[in-house]
Amino acid sequence: DTEVTQTPKHLVMGMTNKKSLKCEQHMGHRAMYWYKQKAKKPPELMFVYSYEKLSINESVPSRFSPECPNSSLLNLHLHALQPEDSALYLCASSHVPGGQQETQYFGPGTRLLVL
Amino acid sequence: AQSVAQPEDQVNVAEGNPLTVKCTYSVSGNPYLFWYVQYPNRGLQFLLKYITGDNLVKGSYGFEAEFNKSQTSFHLKKPSALVSDSALYFCAVRDITKYGGSQGNLIFGKGTKLSVKP
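Computed from a predicted model, the values in this text were never measured in an experiment.

## Considering the pattern of salt bridges
Residue and element names in this part refer to chain A. With the rule as written, the count across this model stands at 7 salt bridges over all chains. As a salt-bridge pair, Lys36 and Asp85 come within 3.9 Å of each other at their nearest N and O atoms. In this pair, Lys36 is assigned in strand S4 (residues 31-37) and Asp85 in the loop between strand S8 (73-79) and strand S9 (87-94), connecting sequence segments 49 residues apart. Judged by relative accessible area, Lys36 falls into the buried class, the value being 18%. On the basis of relative accessible area, Asp85 is assigned to the buried category, the value being 2%.

In structure tokens, the structure reads:
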């Protein structure tokens, strides 16, 4: 089973709202990732968690706040977003952090619209 | 810096014909290369990867890719295209330079839209 799940599938929020995106995997993977994908563009890395600790932050604005409560869950907390933050947010996981040969498995994404 | 290039924005193929989606890479050290497919409004699905060994890599849904070190290419191929193969295809390389190879994040090409007509 190589399934990564994400909720919600769609989210519409105002610029003053606070919302959270959730990601879950039960493959025993110890690396989890958040990517942002604009329409017709490749995914861009935002954050990497290795063994539940934040290991990479690709200079993401503080209005995006990641959290990894345990080895199966990854959250992305959103606050005071801008319309340009509207995108598809993808979660991914891989077996071994730092494993160069490891495959990243992606969830279906959350499509976010900021009004 | 590690990078991949997908020179074609779109590839059009008739159903039943062979298809090729091109990818070239630029890496320092050993290349770790991946192909993913993305259907409309969906996440990315892993197709195949090259780590080492045989230059012809077989993957999901009948796809295969040929690693060519001299041409620094990793083209995706399928002998007989299906209409259902129509999607966006991404080539990716493992970034082993930015964080010293310790994190293994992916760098994606811009993507190639494959359109298979009946």
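## Side note on the interface of chain A and chain B
The interface is formed by 28 residues belonging to chain A together with 25 residues belonging to chain B. Counting each side, the surface lost to burial between chain A and chain B is near 2000 Å², with a carbon and sulfur contribution of 51%. Counting every contact that joins chain A to chain B gives 0 salt bridges. Counting the contacts that link chain A with chain B gives 5 residue pairs in polar contact (both at pLDDT 80 or more). Those elements that place two or more of their residues in the side of chain A that touches chain B are S4, strand S5 (44-50), strand S6 (53-57), S9 and strand S10 (105-106) of chain A. A breakdown of the residues in the side of chain A that touches chain B according to their chemical character gives 13 nonpolar, 10 polar and 5 charged.

## Considerations on the packing of aromatic side chains
Residues and elements named next belong to chain B. Evaluation of the coordinates by the stated rule reveals 14 aromatic pairs over all chains. Arranged with centres 5.9 Å apart and planes meeting at 65°, the rings of Tyr36 and Phe46 form a pair that is edge-to-face. With Tyr36 in strand S5 (residues 33-38) and Phe46 in strand S6 (residues 44-50), the pair connects residues that are 10 residues apart, well separated along the chain. Centre to centre, the rings of Tyr36 and Phe108 are 6.0 Å apart; their planes meet at 55°, and the pair counts as tilted.

## Topic: the state of the cysteines
A complete count under the given rule lists 2 disulfides over all chains for this structure. Covalent S-S linkage joins Cys23(A) and Cys91(A), the inter-sulfur distance amounting to 1.9 Å. Because the torsion about its S-S bond is -70°, the bridge between Cys23(A) and Cys91(A) counts as left-handed. Of this pair, Cys23(A) sits in strand S3 (residues 18-25) while Cys91(A) sits in strand S9, and the two are 68 residues apart along the sequence. With a relative accessible area of 0%, Cys91(A) lands in the buried category. Each disulfide pairs two cysteine sulfurs, and for Cys23(B) the partner residue is Cys91(B), the sulfurs being separated by 2.0 Å. Taking the sign of the S-S torsion, -60° for the link of Cys23(B) and Cys91(B), the bridge is left-handed. With Cys23(B) in the loop between strand S3 (19-21) and strand S4 (24-26) and Cys91(B) in strand S10 (residues 87-94), the pair connects residues that are 68 residues apart, well separated along the chain. Neither residue differs from the other here; Cys23(B) and Cys91(B) are each classed as buried. Take Cys68(A): it sits in no disulfide, and the sulfur closest to it among the cysteines is that of Cys23(A), at 9.1 Å.

## Side note on the pairing of strand S12 (residues 112-117) of chain B
Residues and elements named next belong to chain B. Here strand S2 (residues 10-14) runs beside S12; their pairing, made up of 5 bridges, is parallel. Of the residues in S12, the one forming a bridge with Ala14 is Lys117. Sheet topology note: the S10/S12 ladder contains 3 bridges and is antiparallel. Counterpart to Ala87 in the pairing with S12 is Leu114.

Rules of the game
- Residues numbered from 1 in each chain as written.
- Chains lettered and ligands numbered in written order.
- Predicted model: local features only at pLDDT ≥ 70, side-chain atom pairs only at ≥ 80, totals over all residues.
- Heavy atoms only, no water.
- Salt bridge = Lys/Arg side-chain N within 4 Å of Asp/Glu carboxyl O.
- Helix = DSSP H or I, 4+ residues; strand = E, 2+ residues; numbered from the N terminus.
- Buried < 20%, exposed > 50% of the residue type's maximum accessible area, 1.4 Å probe, protein only.
- Contact = heavy atoms within 4.5 Å.
- Buried area = accessible area lost by both parts, 1.4 Å probe.
- Polar contact = N/O pair within 3.5 Å; in protein donor to acceptor, adjacent residues only side chain to side chain.
- Nonpolar A, V, L, I, M, F, W, Y, C, P; charged D, E, K, R; others polar.
- Phe/Tyr/Trp six-rings, centres within 6.5 Å; stacked < 30°, edge-to-face > 60°.
- Disulfide = S-S within 2.5 Å.
- Pairing = 2+ DSSP bridges.

Scope: geometric values only; no functional claims are made or implied.
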